[in-house]
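Descriptive analysis of the structure
Given next are the chains, with one letter for each unit.
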Amino acid sequence: HKKINSICCIGAGYVGGPTCAVIAAKNPHVKVTIVDLNAARIAAWNSDKLPIYEPGLDEVVKTARGRNLFFSTDVEGGILDADLIFVSVNTPTKIKGIGAGFAADLGYVESATRKIAEVAKSDKIVVEKSTVPCRTAQSMRYILEANAKPDIKFDILSNPEFLAEGTAISDLFYPDRVLIGSLDTESGRSAAASLADVYAGWVARDQIITMNLWSSELSKLAANAILAQRISSINALSAICEATGADIDEVSYACGLDSRIGPKFLKASVGFGGSCFQKDILNLVYLSESLHLPEVATYWKQVVEMNEYQKRRFTNRVISCLFNTLTGKKIAVFGFAFKKDTGDTRESPAITLVNYFREEKAYISIYDPQVDEAQIWMDLTEPGVVDETEAVKRQVSIAADPYKAAAGADAIVICTEWNEFRDTALDYQQIYKEMKKPAFIFDGRLILDAKKLGRIGFKVETIGRPRTTFVQTTDFE
Ligand code: NAD
Ligand code: UDX
């Protein structure tokens with residue numbers, strides 16, 4: 001099989017950037033060029049302030065950038081020069097047209113594919129890195145073959161990415177597995193072997209798995225659906241804990257000790273977020289419906305519905321404990337990213353919660369150590385003709401630190417599990433002094449020692465633990 005000397009990655013986002021930076025760092029003799037249409041993003045990748053916050057990423061980029069790693073807006077040049085091309089563009093949920101709200105928008109994948117067909121002057125291995133519906137590789141093949149110059153051959157591989165944000169670099173350095181799907185033809189197997197050699201630069205051979213193209217595509221959607229399903233399962237149980245006196249952390253621990261279940265991904269929360277889980281499950285739901293499998297569609301849809309319920313349920317608890325009204329009250333929101341160690345806010349539960357608090361006429365003060373202010377304003381306004389930022393700013397402010405966010409507040413709501421919010425890191429005694437009384441903390445991430453904070457004077461309400469504050473009026477829950 002062919003040796004890969006030059007790689008191009010189309011899409012310099014959360015996946016293309018870190019993945020191809022690691023490939024370059026681990027394969028110093030392979031030239032890796034990451035291209036994107038977004039000039040500002042490419043400029044940031046070429047600067048000292050990378051466009052995404054990810055622990056360990058700066059070091060990896062510094063090792064390889066300018067040596068065998070390049071970031072460029074020259075998409076055509078990148079394609080021309082490459083033996084192998086990763087397509088790592090966004091595949092968001094469609095917002096209009098057939099399948100709106102469920103199906104993946106494959107417009108970016110298609111336009112990148114058409115560009116490859118138009119530009120390529122030599123044989124290429126084209127690799128789906130984006131998460132796509134099962135059988136997308138077939139569409140890519142049609143487009144490539146219908147538009148290619150004569151005598152140019154394309155092999156299409158599926159190589160889904162399993163990194164999680166916040167731990168992307170260690171996930172890439174030490175993957176559980178690398179998955180490569182190909183057609184079961186000589187040329188398909190040979191292309192898969194070429195890509196396997198790139199990963200073998202640092203991953204053990206027995207962790208590089210090759211399989212049928214469609215299995216590989218579906219495995220990515222399946223893995224995300226199963227992971228999200230574990231969270232929705234534990235979150236559904238958290239509601240039972242709150243009503244009975246059981247403690248969700250203890251239940252998770254007890255279940256996780258069963259080696260068939262395992263301890264990971266059983267942490268109750270205010271809800272899962274991130275750009276992948278919801279999108280990929282909805283994609284699976286759409287696929288099931290298209291295949292006339294309505295029972296299968298309903299089954300997976302429930303995972304997303306449980307997640308919406310969890311956010312609503314947690315908000316209702318906040319309102320109910322705060323004497324059934326948030327009008328004019330100040331709520332300090334700790335954390336806006338969808339999880340710790342990332343600045344990414346896509347589908348963050350904090351966005352939903354802040355919107356609910358706004359509907360209840362609360363004042364909200366947000367603190368997050370990594371999310372840019374402009375991003376927060378963008379997330380809290382609907383993109384459209386009318387700029388709503390001024391209206392949002394009448395109710396929402398952004399604080400420079402957690403102490404300022406909590407000063408004068410009636411309640412703190414922990415939305416993201418940043419280490420710096422732990423009771424071992426923040427001076428909660430000081431925070432308590434500056435808050436309105438009774439001072440509430442709603443821990444949506446189970447990171448606080450409720451007894452310790454209770455001794456300071458806080459009313460602590462934790463997800464998955466029974467309510468401690470009782471208000472005898474209309475019950476929202
Ligand atoms: P992203 O939005 O951060 O990055 C995609 C980039 O592609 C953007 O910078 C965009 O400008 C660029 N792009 C779009 N069309 C282009 C074109 N025709 N030519 C050149 N550039 C183009 O998205 P992401 O988070 O990196 O996700 C990419 C894919 O990987 C998605 O399919 C996603 O589902 C999948 N994925 C994401 C994660 C994650 O943690 N974010 C993990 C695994 C898989
Ligand atoms: C996910 C998958 O884990 C990854 O394999 C895939 O490539 C992309 O999608 P990501 O969304 O970046 O990664 O982060 P992840 O760690 O999976 O967390 C997703 C959401 O679930 C976060 O909001 C997180 O806080 C939440 N979560 C996670 C829980 O609520 N409980 C848990 O036990 C684990």
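Structure first, text after, so check above.
A brief structural summary. (Residues numbered from 1 in each chain as written. Chains lettered and ligands numbered in written order. Predicted model: local features only at pLDDT ≥ 70, side-chain atom pairs only at ≥ 80, totals over all residues. Heavy atoms only, no water.)

Tallied over the entire structure, the rule returns zero disulfides. Free of any disulfide, Cys 20 has its nearest cysteine sulfur in Cys 9, 3.7 Å distant. On the accessibility criterion, Cys 20 (2% relative accessible area) is buried. (Disulfide = S-S within 2.5 Å. Buried < 20%, exposed > 50% of the residue type's maximum accessible area, 1.4 Å probe, protein only.)

The full set close to ligand 1 counts 26 residues, and Asp 36, Arg 41, Thr 91, Glu 165 and Lys 279 are the nearest of them. In this structure, a nitrogen atom belonging to ligand 1 sits 3.2 Å away from a side-chain N or O atom of Ser 111. In this structure, Lys 279 approaches ligand 1 through a side-chain N or O atom, which is 2.5 Å from an oxygen atom. Protein coverage of the free-state accessible area of ligand 1, which is 840 Å², stands at 92%. Looking at the shell around ligand 1, the element that brings in the most residues is helix α5 (residues 107–119), giving three residues. The class makeup of the residues in the shell around ligand 1 is nine nonpolar, 10 polar and seven charged. Two domains share the shell around ligand 1, each providing at least three of its residues, namely domain 1 (6–203) and domain 2 (245–477). (Near = heavy atom within 4 Å. Polar contact = N/O pair within 3.5 Å; in protein donor to acceptor, adjacent residues only side chain to side chain. Areas by Shrake-Rupley, 256 points an atom, 1.4 Å probe, with all protein chains shown as cover. Helix = DSSP H or I, 4+ residues; strand = E, 2+ residues; numbered from the N terminus. Nonpolar A, V, L, I, M, F, W, Y, C, P; charged D, E, K, R; others polar. Domains from an automatic or database assignment.)

Bringing the pattern of salt bridges into the picture now. Counted according to the given criterion, the structure contains 22 salt bridges. Between Asp 249 and Lys 267 there is a salt bridge, with its nearest N and O atoms 3.3 Å apart. Taken together, the positions of Asp 249 in helix α10 (residues 248–256) and Lys 267 in the loop between α10 and α11 (277–290) put the pair 18 residues apart, joining distant regions of the chain. The class for Asp 249 is partly exposed, based on a relative accessible area of 24%. Lys 267 gets classed as partly exposed once you look at its relative accessible area, which sits at 44%. As a salt-bridge pair, Lys 279 and Asp 280 come within 2.9 Å of each other at their nearest N and O atoms. Take Asp 280: its relative accessible area is 0%, and that puts it in the buried class. Members of the salt-bridge network, linked through shared partners, are Glu 242, Arg 313, Arg 317 and Glu 461. (Salt bridge = Lys/Arg side-chain N within 4 Å of Asp/Glu carboxyl O.)

Let us look at the packing of helix α1 (residues 16–26) against helix α3 (residues 57–64). Viewed as axis vectors pointing N to C, α1 and α3 meet at an angle of 50°, and their least axial separation amounts to 9 Å. The angle between α1 and α3 places the two elements in the oblique class. Crossing angle aside, the handedness with which α1 passes α3 is left-handed. Taking contact as the criterion, the partners of Pro 18, Ala 21, Val 22, Ala 24 and Ala 25 in α1 are, on α3, Leu 57, Val 60, Val 61 and Ala 64. Here the residues of the contact of α1 with α3 are counted per class, giving nine nonpolar, no polar and no charged. (Axes fitted to C-alpha atoms, helices over the stretch in contact; angles between N-to-C directions. Parallel < 35°, antiparallel > 145°, perpendicular 65-115°, else oblique. Left-handed = near helix turned anticlockwise from the far one by under 90°. Contact = heavy atoms within 4.5 Å.)

Purely geometric numbers; function is a separate question.
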